[in-house]
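Summary of the model geometry
Residues per chain, in single letters:
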Amino acid sequence: MLEMNGEYWEDTPEGQVLKDKMAGMQLATALIGLKFEVEAGVGGMKFTRFSSLAVLKRYFYGLKRTKAGAYQQLVDAKIYEHFVK
């Protein structure tokens, strides 16, 4: 089950939001990188200097271990609809 890491997210009456507004850019970049890696089937190739999956694991607890599994889990949780326009 996907859970938000309380170090990065805070509860508001509207729902959970990022504590640091600039973290949204890092999160969106990691999401785009993970999508590219999964769709292109590039395996160990990194879209960014850092592992997209490692960055996303900081924001979400319970993320699947594989890139494809984590990507599908984030799509199912509608994270891409919110952060990737």
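A short tour of the structure in this document, coming up.

Cut-offs and rules
- Residues numbered from 1 in each chain as written.
- Predicted model: local features only at pLDDT ≥ 70, side-chain atom pairs only at ≥ 80, totals over all residues.
- Heavy atoms only, no water.
- Salt bridge = Lys/Arg side-chain N within 4 Å of Asp/Glu carboxyl O.
- Helix = DSSP H or I, 4+ residues; strand = E, 2+ residues; numbered from the N terminus.
- Buried < 20%, exposed > 50% of the residue type's maximum accessible area, 1.4 Å probe, protein only.
- Core = buried A, V, L, I, M, F, W, Y, C linked by side-chain atoms within 4.5 Å.
- Contact = heavy atoms within 4.5 Å.
- Axes fitted to C-alpha atoms, helices over the stretch in contact; angles between N-to-C directions.
- Parallel < 35°, antiparallel > 145°, perpendicular 65-115°, else oblique.
- Left-handed = near helix turned anticlockwise from the far one by under 90°.
- Nonpolar A, V, L, I, M, F, W, Y, C, P; charged D, E, K, R; others polar.
- Phe/Tyr/Trp six-rings, centres within 6.5 Å; stacked < 30°, edge-to-face > 60°.

**Some details on the pattern of salt bridges**
One pass over the structure, following the stated rule, counts one salt bridge. One salt bridge connects lysine 67 with glutamate 37, and the closest N-O pair in it is separated by 3.1 Å. Here glutamate 37 lies in helix α1 (residues 23–40) and lysine 67 lies in helix α3 (residues 67–76), a separation of 30 residues in the sequence. You can call lysine 67 partly exposed: its relative accessible area is 23%.

**Section: the nonpolar core**
Note on soluble globular proteins: their nonpolar side chains tend to be buried together. Counting 19 residues, the largest nonpolar core has Leu27, Leu31, Leu56, Tyr59, Phe60 and Leu74 as its most contacted members. When residues of this core are traced back to their parent elements, those giving at least two are α1, α2 (52–59), α3 and α4 (79–83). Per element, the largest residue contribution to this core is five residues, and it comes from α1. With sequence-adjacent residues up to four places away left out, tyrosine 59 is seen in contact with Glu3, Met4, Asn5, Tyr8, Trp9, Leu18, Ala23, Gln26 and Leu27.

**Things to note about the packing of α1 against α3**
Two measures define how a pair of helices packs: the angle their axes make with one another and the distance between the axes. At a closest axis distance of 9 Å, the pairing of α1 and α3 adopts a crossing angle of 125°. Judged by the angle between their axes, α1 and α3 are oblique. Our pair here, α1 against α3, has a crossing hand that is left-handed. Facing Leu31, Leu34, Lys35, Glu37, Val38 and Glu39 of α1, the residues of α3 in contact are Lys67, Ala68, Ala70, Tyr71 and Leu74. Residue classes in the contact of α1 with α3 are distributed as seven nonpolar, no polar and four charged.

**Examining the packing of aromatic side chains**
Under the defined criterion, the tally for this structure stands at four aromatic pairs. When the ring of tryptophan 9 is compared with that of phenylalanine 60, the centres are 5.8 Å apart and the planes differ by 40°; the resulting orientation is tilted. Highlighted residues: tryptophan 9 in strand β2 (residues 9–12) and phenylalanine 60 in strand β4 (residues 60–61), separated in sequence by 51 residues. Summarising the burial analysis for this pair, tryptophan 9 and phenylalanine 60 share the class buried. Ring geometry for tyrosine 71 and tyrosine 80: centres 5.1 Å apart, planes at 75°, overall edge-to-face. For the residue pair tyrosine 71 and tyrosine 80, the accessibility class agrees, reading buried in each case. Three or more aromatic residues link up through ring pairs in this structure, and these residues are Trp9, Phe60 and Phe83.

These figures capture arrangement, not role.
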